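A closer look at the structure
The residues making up each chain are set out below.
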Amino acid sequence: MSKALCIFQCLLLMLIHSCVADVGTAAHYGPPFLPTACFGGDASQFPSSNMFGSAGEGIWDNGAACGREYEVRCISAAAPKTCIPGQTIQIKIVDRAETSVSRPSARAASMVLSTTAFRAIANASASLINIEFQQV
Ligand SMILES: *[C@@H]1O[C@H](CO)[C@@H](O)[C@H](O)[C@H]1NC(C)=O
């Protein structure tokens, strides 16, 4: 295969890759973190890094979302300079936002991030941000 063709295929793959990411919103929530909807209530399934979140109804997938991992990036918010530029996090779904014991900072978000995860990509004084996310 020629080098030019190879480079072209590589660019095409990168394009497809960026197209499979979804756009949505993220809120945040703080402790107590009790996985009432996932893992039969077993909190040992939580990543020790605290990089986790709860699934909004759009990705809850009737419980199949438990344990799925997503790459998440902040793209915009109501207040300027809310997103921390160039930051992408990887989080694990450990609960369902609709029923989480600790309530989300905003309703109807695509996902609700732990405060630790949210802070890594945005100013935590925002209650809702626009995100790009992709299952990994
Ligand atoms: C976060 O946002 C608040 C409110 O808009 C602002 O007062 C604060 O300076 C911001 N923090 C950072 C680190 O940008």
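One structure accompanies this document, and this report is about it. Bear in mind the structure is a predicted one, so any value in this text is a computation, not a measurement.

Time to look at the environment of alanine 122. Secondary-structure assignment places alanine 122 in the loop between helix 3 (115-121) and strand 6 (129-135). We classify alanine 122 as buried; its relative accessible area is 2%. Taking the C-alpha atoms as reference points, alanine 122 and glutamine 87, separated by 35 residues in sequence, lie 8.7 Å from one another. What alanine 122 contacts, discounting residues up to four positions off in sequence, is Cys74, Thr82, Cys83, Ile84 and Ile129.

Inspection of the entire model under this criterion finds three salt bridges. A salt bridge links glutamate 57 to arginine 96; its shortest N-O distance comes to 2.8 Å. Residue glutamate 57 is found in helix 2 (residues 57-60), and its partner arginine 96 is found in strand 4 (residues 88-96); the two are separated by 39 residues along the sequence. Residue glutamate 57 is classed as partly exposed on the basis of its relative accessible area, which comes to 41%. Using a relative accessible area of 24% as the deciding quantity, one classes arginine 96 as partly exposed. In this structure, arginine 73 and glutamate 132 form a salt bridge, with 3.1 Å as the shortest nitrogen-oxygen distance. Note that arginine 73 is positioned in strand 3 (residues 69-77) and glutamate 132 in strand 6, a separation of 59 residues in sequence.

Definitions and limits used
- Residues numbered from 1 in each chain as written.
- Predicted model: local features only at pLDDT ≥ 70, side-chain atom pairs only at ≥ 80, totals over all residues.
- Heavy atoms only, no water.
- Helix = DSSP H or I, 4+ residues; strand = E, 2+ residues; numbered from the N terminus.
- Buried < 20%, exposed > 50% of the residue type's maximum accessible area, 1.4 Å probe, protein only.
- Contact = heavy atoms within 4.5 Å.
- Salt bridge = Lys/Arg side-chain N within 4 Å of Asp/Glu carboxyl O.

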